[in-house]
Each structure stands twice: as structure tokens, then as C-alpha cells.
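Observations on the model geometry
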Amino acid sequence: MVIDRNVTMADLKGTLNAVVEQLYGKGTQTRFRPHHFPFTEPSCELDVQCHKCGGKGCPTCKGEGWIELLGAGMIHPHVLEMAGIDPNEWSGWAFGFGLERTAMRRFKIDDLRLIFENDVRFLEQF
């Protein structure tokens with residue numbers, strides 16, 4: 001979570017794109033979609049282009065060409081108020097990564113369910 005006097009949604013998007021490029025390399029394709037989270041407004045989800053098909057659509061990305069990576073948004077003014085922070089003076093943003101999805105892309109895992117099956121033969125690869 002970041003709280004500053006003048007952070008914007010554009011700052012959030014730029015920061016998240018920079019983080020994604022550090023994780024997966026320069027030029028990694030991303031997209032932001034509107035979403036609803038109760039503690040942020042506006043809110044969005046960040047998707048990365050599918051590592052398996054390059055955006056064409058495959059079973060890994062359910063034919064969409066994109067894989068959801070995280071949710072984010074501007075901290076709702078009521079949340080700031082409840083924390084004793086004046087939302088007229090301060091703003092902030094928050095985001096949360098899905099670690100499984102991050103690992104999925106990083107290690108080129110085709111099926112997210114493999115991570116949760118607790119098969120030691122699979123898990124020992126990492």
C-alpha cells in the first residue's frame with residue numbers, strides 16, 4: 001500500500017507495469033480491466049499475455065490469450081478516514097499479487113491446478 005499526497009491511478013499502472021517488466025522481462029504485454037474490490041475505488045485487475053500461446057488462446061489461458069495476475073486500485077476515501085488519514089489531503093493505492101499466477105508464468109507451468117495438488121514430484125522441481 002502506498003499513501004502519498006498526490007498518487008493517481010496512472011502512477012499505479014506505471015508502477016505495476018514496471019514490476020511486471022522486472023519479473024518477466026522488458027516488453028511483457030499487460031492489460032488493465034475494470035473490476036470491483038470493496039476497499040478500493042476505482043479498482044482494476046492486471047492481466048499478462050499468456051506465456052504459452054503469446055495471446056492467441058490456448059487451454060492455459062482458457063482461450064483468452066491473457067492470464068490474471070493481480071487486483072489493484074485507489075484506496076477508498078472511507079478506508080483512509082477509518083485509518084485517521086484525511087482523504088482530502090492524502091490518496092493512496094493498494095495491490096495484491098496472486099503468487100501462484102506469478103509462479104505459473106515465471107516457471108512456465110501450464111495448469112494452475114498442478115500447484116495445489118501437492119504432488120511432491122512436481123513441487124520438487126522448484
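Keep in mind that this is a model prediction, so the values were computed, not measured.

To continue, consider the side chain of Ser 91. Topologically, Ser 91 is positioned in strand E5 (residues 91-97). At 3.0 Å, the side chain of Ser 91 and the backbone oxygen of Val 7 are in polar contact.

Glancing now at the nonpolar core. Core analysis: the largest hydrophobic core is formed by 14 residues, its most contacted members being Leu 12, Val 20, Leu 69, Leu 70 and Ala 72. Of the residues forming this core, the biggest block, 5 residues, is contributed by helix H1 (residues 9-24). In this view, Leu 12 contacts Ala 72, Gly 73, Trp 93 and Phe 95; residues no more than four positions away in its chain are not counted. Within the second largest apolar cluster, 9 residues are counted, among which are Cys 50, Cys 61, Ile 67 and Ile 115.

A word on the pattern of salt bridges. All chains considered together, the criterion is met by 7 salt bridges. The residue Lys 52 makes a salt bridge to Asp 110 at a minimum N-O spacing of 3.1 Å. With Lys 52 in the loop between strand E3 (40-49) and strand E4 (66-75) and Asp 110 in the loop between helix H3 (99-106) and helix H4 (113-116), the pair connects residues that are 58 residues apart, well separated along the chain. Residue Arg 113 pairs with Asp 111 through a salt bridge whose shortest N-O separation is 2.7 Å. Judged by its relative accessible area of 58%, Arg 113 is exposed.

Quick look at the pairing of E4 now. Counting buried residues in E4 gives 9 out of 10 residues, a clear majority hidden from the surface. Two elements, E3 and E4, share 8 bridges in a ladder whose sense is antiparallel. Paired with Glu 45 across the strands is Gly 71, a residue of E4. Relative to E5, E4 runs antiparallel, the two sharing 5 bridges. Across the sheet, residue Leu 70 finds its bridge partner in E5, namely Phe 97.

Confidence in the prediction of the chain, expressed as mean pLDDT, is 91, and 98% of residues score 70 or more. Here strand E1 (residues 2-4) stands out as the least confident element of the chain, with mean pLDDT 69; strand E2 (residues 30-37) is the most confident, with 96.

A few words now on the environment of Asp 111. Structurally, Asp 111 can be placed in the loop between H3 and H4. For Asp 111 and Thr 60, which are 51 residues apart along the polypeptide, the C-alpha to C-alpha distance reads 6.0 Å. In this structure the side chain of Asp 111 is engaged in a polar contact, spanning 2.7 Å, whose partner is the side chain of Arg 113.

Examined bridge by bridge, E2 and E3 share 7 bridges and lie antiparallel to one another. Within the sheet, the bridge partner assigned to Phe 32 lies in E3 and is Leu 46. Between the antiparallel neighbours E2 and E3 lie 2 residues.

What counts, and where the lines are drawn
Residues numbered from 1 in each chain as written. Predicted model: local features only at pLDDT ≥ 70, side-chain atom pairs only at ≥ 80, totals over all residues. Heavy atoms only, no water. Helix = DSSP H or I, 4+ residues; strand = E, 2+ residues; numbered from the N terminus. Polar contact = N/O pair within 3.5 Å; in protein donor to acceptor, adjacent residues only side chain to side chain. Core = buried A, V, L, I, M, F, W, Y, C linked by side-chain atoms within 4.5 Å. Buried < 20%, exposed > 50% of the residue type's maximum accessible area, 1.4 Å probe, protein only. Contact = heavy atoms within 4.5 Å. Salt bridge = Lys/Arg side-chain N within 4 Å of Asp/Glu carboxyl O. Pairing = 2+ DSSP bridges. pLDDT = per-residue confidence, 0-100.

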